[in-house]
Amino acid sequence: MRLTRGFIPTIKETPAEAQIASHRLMLRAGLVRQTSAGIYAWLPLGLRVLRNIERLVREEQDAAGAQEVLMPTIQSADLWKESGRYEDYGKEMLRIRDRHDRDMLYGPTNEEMITDLFRQSVKSYRELPQTLYHIQWKFRDEVRPRFGVMRGREFLMKDGYSFDVDHAGAVTTYRKMMLAYMRTFQRMGLKAIPMEADTGPIGGDLSHEFIILAPTGESQVYFDAAFEEMDYLSAGAGSFSHDKAEDLERFFKQMTTNYAATDEKHDTAKWEAIAPERRREGRGIEVGHIFYFGTKYTQSMGASVAGPDSKPFFPEMGSYGIGVSRLVGAVIEASHDDAGIIWPDSIAPFKAAILNLKNGDPACDALCESLYARFGGDALYDDRADRAGVKFNDADLMGHPWQIIVGPRGAAAGKVEMKRRATGERLELSPDEALARIG
RNA sequence: CGGAGCGUAGCGCAGUCUGGUAGCGCAUCAGUCUGGGGGACUGGGGGUCGUGGGUUCGAAUCCCGCCGCUCCGACCA
């Protein structure tokens with residue numbers, strides 16, 4: 001994308017309403033604009049990041065054997081009356097009435113709907129297990145939305161739902177999802193830690209929330225240094241596969257025996273049992289939450305299937321959520337400096353920014369154009385007539401992992417300068433070498 | 001939901017107390033110079049002062065209602 005043609009409205013001054021770093025930077029770098037309290041429009045740069053996060057989530061869900069569907073945002077109240085949650089959910093649920101005076105709602109979550117879809121079509125234990133997910137906008141009418149997209153009323157969530165024959169099967173699925181989550185967060189450059197959690201209105205008795213570490217996080221967290229050392233992506237010895245029961249067992253054991261707790265559940269005695277040099281504490285942001293809740297919905301909604309003995313039984317369910325739009329803010333909280341955002345390569349809106357320091361200089365223009373063409377759209381070309389300082393500042397603010405800096409001296413010598421945003425490291429290279437380095 | 005605050009140009013704000021021609025910085029447009037970390041000069045454009053009512057010769061300013069947004073606390077992907 002050419003910056004002169006792009007809709008990327010960066011702002012120099014801090015908007016008055018933005019209190020935390022990610023919100024401030026998302027507005028300043030032109031990722032989002034607020035349209036009303038807790039509701040945001042995603043601009044091209046922000047949308048590219050959102051789509052990249054979706055892509056990683058989708059890849060890991062698919063790899064773990066979940067299947068993607070897409071359920072509507074608007075639901076009929078009837079389903080929620082069946083499960084009993086229509087009354088329980090309270091004012092967080094946005095209730096709507098259609099022209100025929102039917103009670104509708106903007107979905108805050110989809111347990112009822114997925115259970116309804118399941119019971120319509122699945123009739124036998126032989127079709128189990130099934131895990132279905134979708135990535136869809138949700139609405140929860142928070143009393144006090146804040147922190148930009150981290151705590152909006154409308155937000156994009158990956159929510160998945162599993163159906164298993166029995167408790168053992170459901171627990172295996174739960175562990176599989178936990179592994180998929182750890183891999184997903186690691187790929188985004190985040191240190192995530194699963195922590196035992198309350199189940200809240202979803203119900204059930206086994207639940208973990210996934211907290212990522214960021215200095216500005218909302219809650220205080222305590223954990224064993226073991227979590228810092230874990231690698232969920234490697235293929236070598238000690239690696240984890242979704243498909244091997246013993247791997248999942250070993251993985252889950254490591255996740256649950258190493259100490260990890262938020263301040264609400266912090267256990268001082270257990271904490272002090274950890275060697276002092278292994279104790280870690282910091283601030284955390286919740287970016288995911290998984291639940292096992294058994295037959296709560298299959299039972300209340302009559303979703304039974306035939307077992308091997310031909311007798312009907314209620315499948316065991318779990319649900320698995322990742323706050324996709326929240327992650328955009330959470331990543332920024334975890335990765336920024338005074339100058340702006342520092343995107344991990346995996347979710348950056350562009351692989352690199354090309355900074356033409358002297359727009360109008362024939363050598364600079366020609367070199368930039370040829371570089372830009374070779375990126376095939378994966379670079380942001382700053383072709384504005386502005387001075388160098390403006391371009392440096394905007395590139396730092398937008399957080400591109402690499403900056404390819406083309407100035408008159410370098411261009412004359414056929415060289416470009418590369419700056420790595422995360423480290424500030426600078427290299428002088430030929431255009432070919434620069435492209436090779438970015439890959 | 002309890003408490004507090006703010007709505008004036010795209011953004012950040014002053015002006016409101018004490019009523020009298022709507023301002024400043026940045027951004028923007030045209031031009032000249034400049035050119036490696038938000039440059040300088042010259043000249044322009046842009047406002048139903050959130051909204052409805054009231055008081056007054058006269059309201060951004062005083063009074064009443066409404067709407068929107070933000071912050072603190074209790075609750076959450």
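Residues numbered from 1 in each chain as written. Chains lettered and ligands numbered in written order. Predicted model: local features only at pLDDT ≥ 70, side-chain atom pairs only at ≥ 80, totals over all residues. Heavy atoms only, no water.

With that settled, consider the overall build of chain A. Per the secondary structure count, chain A includes 15 helices and 23 strands. Rg of the C-alpha trace for chain A: 24 Å, near the compact-globule value of 22 Å for 439 residues, within the 12% margin. Along the first, second and third principal axes, the C-alpha set of chain A runs to 80 × 60 × 40 Å. Of all 439 residues assigned to chain A, the portion counted as buried reaches 54%. As displayed, chain A has an accessible area near 19,400 Å², and 48% of this comes from carbon and sulfur atoms. Chain A carries 57 positive and 65 negative side-chain charges, and their two centres are separated by 4 Å. (Helix = DSSP H or I, 4+ residues; strand = E, 2+ residues; numbered from the N terminus. Rg over C-alpha atoms; globule rule 2.2 N^0.38 Å. Buried < 20%, exposed > 50% of the residue type's maximum accessible area, 1.4 Å probe, protein only. Areas by Shrake-Rupley, 256 points an atom, 1.4 Å probe, with all protein chains shown as cover. Lys, Arg positive; Asp, Glu negative; His and termini not counted. Charge placed at Lys NZ, Arg CZ, Asp CG, Glu CD.)

What follows concerns the confidence of the model for chain A. The predicted model of chain A has a mean per-residue pLDDT of 94, with 98% of residues at 70 or higher. In the model output, the complex is listed with pTM 0.96 alongside ipTM 0.93. (pLDDT = per-residue confidence, 0-100.)

The alternating pattern of strand 20 (residues 379-382) places Ala 379 and Tyr 381 and Leu 380 and Asp 382 on opposite faces, both of which are buried. Across four bridges, strand 19 (residues 352-356) lies against strand 20 in parallel orientation. If you follow Ala 353 over to strand 20, its bridge partner there is Leu 380. In terms of handedness, the path from strand 19 via helix 12 (residues 362-375) over to strand 20 forms a crossover that is right-handed. (Pairing = 2+ DSSP bridges. Right-handed = clockwise from strand over helix to strand, strands pointing away.)

This next bit is on the nonpolar core. Nonpolar side chains tend to gather and get buried jointly when the protein is soluble and globular. Judged by nonpolar contacts, the single largest core of 74 residues is most densely connected at Leu 31, Ile 53, Phe 185, Tyr 232, Val 328 and Trp 343. The element contributing the most residues to this core is helix 6 (residues 167-187), with nine residues. Met 71, Met 113, Phe 118 and Val 122 belong to the second largest nonpolar core, which has 24 residues in total. (Core = buried A, V, L, I, M, F, W, Y, C linked by side-chain atoms within 4.5 Å.)

What follows concerns unusual backbone geometry. For the bond running from Leu 128 to Pro 129, omega is -5°, close enough to zero to count as cis. Relative to the helices and strands, Pro 129 is located in the loop between helix 5 (111-121) and strand 7 (130-139). Here the phi dihedral of Phe 147 falls at roughly 60°; this positive angle occurs in a residue that is not glycine. Mapping Phe 147 onto the fold places it in the loop between strand 7 and strand 8 (154-164).

The next thing to look at is the protein's contact with RNA strand B. In the region of RNA strand B, 44 residues are neighbours, and Arg 144, Arg 387, Asp 396, Glu 417 and Arg 426 sit closest. Backbone atoms, meaning sugar and phosphate, form 38% of the atoms of RNA strand B found within 4 Å of the protein. Between a phosphate oxygen of RNA strand B and a main-chain N or O atom of Ala 37, the distance comes to 2.8 Å. Within the side chain of His 289, an N or O atom sits 3.2 Å from a phosphate oxygen of RNA strand B. Of all the elements in the fold, those that place two or more residues in the surface near RNA strand B are strand 1 (32-36), strand 13 (279-294), strand 16 (316-323), helix 13 (388-398) and strand 22 (416-420). Per element, the largest residue contribution to the surface near RNA strand B is seven residues, and it comes from helix 13. (Near = heavy atom within 4 Å. Polar contact = N/O pair within 3.5 Å; in protein donor to acceptor, adjacent residues only side chain to side chain.)

Take the sheet that holds strand 5 (residues 94-97) next. As summarised here, the arrangement of the three strands in space is 4-6-5, forming an open sheet in which the pairing is antiparallel. Looking at strand neighbours, the two that pair on one side only are strand 4 (74-76) and strand 5, the edges of this open sheet. Pairwise comparison of adjacent strand axes, ignoring direction, gives a mean angle of 35° for this sheet. Relative to strand 6 (residues 103-106), strand 5 runs antiparallel, the two being bridged by four bridges. Across the sheet, Arg 95 pairs through a bridge with Leu 105, a residue of strand 6. (Axes fitted to C-alpha atoms, helices over the stretch in contact; angles between N-to-C directions.)

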